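# Structure at a glance
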Amino acid sequence: MQAPTASHAAADAPVTPPEPIDTPAQAAARTAFPILLMLSTCHLLNDLIQSLLPAIYPLLKANFALDFGQIGLITLTFQLTASLLQPFVGIYTDRRPLPYSLAIGMGCTLSGLLLLSQASTFPMLLLAAALVGSGSSVFHPESSRVARMASGGRHGLAQSLFQVGGNIGSATGPLLAAFIVMPRGQGSVAWFAIAALVAIALLTRIGGWYRAQVPAHRAAHAGARRSPLPRRTIYVTMAILGALIFSKYFYLASLSSYYTFYLMQKFGLDAQAAQLRLFVFLGAVAAGTLLGGPLGDRIGRRYVIWGSILGVLPFTLLLPHADLFWTTLLTVVIGLVLASAFSAIIVYAQELVPGRTGVIAGLFFGFAFGMGGIGAAVLGRLADHIGIEAVYGICAWLPAIGLLAWLLPTPPEARRPAH
């Protein structure tokens, strides 16, 4: 009997089927949680650095003998570069994605941070503020785009995970400034370069993933660049969303900027006790941000927007008349409910105008930052004339603008992830 030859043995061996190759749609349909967590961490570090500048204003005022007008000019420089540049970054990168622009933008922030630590003249402070703001203007629209790419169709969840990092960073920055920078002086700002360097390393890793994903996402979403809604409807809807952003961020500015003064004046609290209640409020904002996106994925973003902006109205109307216990509790509810809207608004607008992820993120992040800055300035002037308690009585009505959410059209539903 003749032994089987090698060719016969090879022919009789079981054939292992080749690994299935994901189609572009399948590659774009998985939620990349490691990327989302890295993005959220970078958002935390970015916004922590951004929040250092206003937190050390008392130190800068003393060191440079600044008046309030000069401090306002620093804020204006920072806000203009951090908000007005964002839509232009989004417009450009919608057409030509720049995967490593995130790391480059954080490098710009690092430069501003180091300059801030060593600045010896007022013009140098302005340049440092401009550099830090420019880094933020690159970070937010591009990070929002990457969060959407990594969402696997769970766009609300992805935006919430991304944004909650920023909320935590914004709350942590002033606390670290109080314990590190204020006792040790302006030069200690340079210590926060460690945070920027960690963010650059993470963003470089994210940039590599982003570059690898661009072809798959282009193929998966080819032809999805035209909205089925008429252009006039889109413009009206964007105006309504802008009004809702105005309502949300003007009211949040009244709490984030002046809540401690309100508590100290109305209830006689010392600065430490008032600051503690501010951190409780900011924690509620972070929790609301995290909840709003997944809730919008589940029940629809229009309902979350409606319930978040208008639903907070009873609590804001009660706040000026509440005692200390109920004031603390009401601000927790207000922060939790009101913060849930932003993720839903961003994703709703991105679904309304397909293929314009960057410009939509840039417009809304930029407008939100701008409204926060303008709100703080306007309400501060108003408080000088009529008192902080009267300001809260007026601001209590801002969420009534949420009635406009009734006019929002129902956009095409986002593609659900496969289970």
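Procedures and definitions
- Residues numbered from 1 in each chain as written.
- Predicted model: local features only at pLDDT ≥ 70, side-chain atom pairs only at ≥ 80, totals over all residues.
- Heavy atoms only, no water.
- Helix = DSSP H or I, 4+ residues; strand = E, 2+ residues; numbered from the N terminus.
- Buried < 20%, exposed > 50% of the residue type's maximum accessible area, 1.4 Å probe, protein only.
- Contact = heavy atoms within 4.5 Å.
- pLDDT = per-residue confidence, 0-100.
- Salt bridge = Lys/Arg side-chain N within 4 Å of Asp/Glu carboxyl O.
- Expected span 1.5 Å × (residues − 1).
- Bend = angle between axes of the 7 residues up to and from the residue.
- Axes fitted to C-alpha atoms, helices over the stretch in contact; angles between N-to-C directions.
- Parallel < 35°, antiparallel > 145°, perpendicular 65-115°, else oblique.
- Left-handed = near helix turned anticlockwise from the far one by under 90°.
- Nonpolar A, V, L, I, M, F, W, Y, C, P; charged D, E, K, R; others polar.
- 1 Å grid on protein atoms, 1.4 Å probe; cavity = no way out; pocket = protein on both sides within 12 Å on 5 of 7 lines; lining within 4 Å.
- Points joined across faces, edges and corners; volume = space filled by probe spheres on them.
- Polar contact = N/O pair within 3.5 Å; in protein donor to acceptor, adjacent residues only side chain to side chain.
- Patch = residues over 30% accessible without salt bridge, like charges linked within 9 Å, V, L, I, M, F, W, Y side chains within 5 Å.
- Areas by Shrake-Rupley, 256 points an atom, 1.4 Å probe, with all protein chains shown as cover.
- Phe/Tyr/Trp six-rings, centres within 6.5 Å; stacked < 30°, edge-to-face > 60°.
- Lys NZ or Arg CZ within 6 Å of the ring centre and 35° of its normal.

## What to know about the overall build of the protein chain
- Scanning the protein chain for helices and strands turns up 18 helices and zero strands.
- In the protein chain, which comprises 419 residues, the proportion classed as buried is 52%.
- Contacts in the protein chain between residues at least 24 apart in sequence constitute 84% of all its contacts with a sequence separation of at least 6.

## A short note on the environment of Leu263
- Considering the arrangement of structural elements, one finds Leu263 in helix H11 (residues 231-267).
- Sequence spacing of Leu263 and Ala274 is eleven residues, and the spatial spacing of their C-alpha atoms is 6.0 Å.
- Residue contacts for Leu263: discarding those within four places in its chain leaves Gly268, Leu269, Ala274, Arg277, Leu324 and Thr327.

## Observations regarding the confidence of the model for the protein chain
- Chain-level pLDDT for the protein chain is 80 on average; 86% of the residues reach the 70-or-more range.
- Below pLDDT 50 for its whole length, residues 6-27 participates in nine contacts with residues either more than four positions away or in separate chains.
- Segment residues 414-419: pLDDT under 50, and eleven contacts once partners within four positions in sequence are set aside and those in other chains are kept.

## Describing the pattern of salt bridges
- Going through the model one piece at a time under the given rule, you end up with two salt bridges.
- Notably, a salt bridge pairs Glu142 with Arg145, separated by 2.8 Å at the nearest N-O pair. A residue pair is termed a helical-turn pair when its members lie 3 or 4 positions apart in one helix, as Glu142 and Arg145 do in helix H8 (residues 122-149) at three residues. We note that Glu142, like Arg145, is buried.
- Between Arg301 and Glu351 there is a salt bridge, with its nearest N and O atoms 2.8 Å apart. Residue Arg301 is found in helix H13 (residues 301-309), and its partner Glu351 is found in helix H16 (residues 341-352); the two are separated by 50 residues along the sequence.
- We classify Glu351 as buried; its relative accessible area is 10%.

## Notes on helix H9 (residues 155-184)
- Under the 1.5 Å per step criterion, the end-to-end length of H9 is 43 Å for 30 residues, consistent within 8% with the ideal 44 Å.
- Considering bend angle alone, the principal kink of H9 is centred on Ala177 and spans about 40 degrees.
- One or two steps after H9, the chain reaches Gly185, where phi turns positive at roughly 100 degrees.

## Describing the packing of helix H3 (residues 33-55) against H8
- Closest axis-to-axis distance for the H3/H8 pair is 11 Å, and the angle between their directions is 160 degrees. Overall, the two elements H3 and H8 adopt an arrangement that is roughly antiparallel. Seen from above, H3 lies across H8 with left-handed handedness. Contacts from Ile35, Leu36, Leu39, Cys42, His43, Asn46, Asp47, Gln50 and Leu53 in H3 reach Ala129, Val132, Gly133, Ser136, Phe139, His140, Ser143, Val146 and Ala147 in H8.
- Looking at the contact of H3 with H8 residue by residue, the class counts come to ten nonpolar, seven polar and one charged.

## Some thoughts on empty space enclosed by the protein
- Counted under the stated rule, the structure contains one cavity of 30 Å³ or more.
- Size it by volume and the largest cavity reaches roughly 40 Å³.
- Every residue along the wall of the largest cavity is listed here: Ile49, Leu52, Leu53, Leu113, Leu116, Ala128, Ala129 and Val132.
- Listed by contribution, the elements that provide at least two residues to the lining of the largest cavity are H3, helix H7 (101-118) and H8.
- Residue composition of the lining of the largest cavity, grouped by class: eight nonpolar, no polar and no charged.

## Here we look at the side chain of Ser137
- Among the secondary structure elements, Ser137 is positioned in helix H8.
- Owing to a relative accessible area of 1%, Ser137 belongs among the buried residues under this scheme.
- Polar side-chain contacts of Ser137 include one of 2.6 Å to the backbone oxygen of Ser134.
- Apart from residues no more than four positions distant in its own chain, Ser137 is found in contact with Thr81, Ala82, Leu85, Gln86 and Val89.

## Comments concerning the packing of H11 against H16
- Relative orientation of the contacting elements H11 and H16 amounts to 165 degrees, with a least axis distance of 11 Å. One element, H11, and the other, H16, form an angle in the roughly antiparallel class. When you trace H11 past H16, the crossing you get is left-handed. In this structure, H11 contributes Ile234, Thr237, Met238, Leu241, Leu244, Ile245, Lys248 and Tyr249 to the contact, and H16 contributes Ala341, Phe342, Ile345, Tyr348, Ala349 and Leu352.
- When the residues that make up the contact of H11 with H16 are grouped by side-chain class, the tally is twelve nonpolar, one polar and one charged.

## Here's the deal with a nonpolar patch on the surface
- Together, Leu73, Leu76, Leu80 and Leu84 make up a nonpolar patch on the protein surface, roughly 340 Å² of accessible area in all.
- Following the sequence through the fold, Leu76 ends up in helix H5 (residues 68-84).

## Quick notes on the packing of aromatic side chains
- Per the stated rule, a full pass over the model turns up seven aromatic pairs.
- Measuring from centroid to centroid gives 4.6 Å for Phe246 and Phe250, while their planes differ by 40 degrees, and the two rings are tilted. Residue Phe246 and its partner Phe250 are both found in helix H11; the two are separated by four residues, about one turn of the helix.
- Residue classification places Phe246 among the partly exposed residues on the basis of a relative accessible area of 28%.
- Judged by centre distance (6.4 Å) and plane angle (85 degrees), the ring pair of Tyr262 and Phe267 falls under edge-to-face.
- Aromatic ring contacts, followed pair by pair, group Tyr262, Phe267 and Tyr392 into a single cluster.
- Over the aromatic face of Tyr249 sits the side chain of Lys248, whose NZ or CZ is 5.0 Å from the ring centroid.

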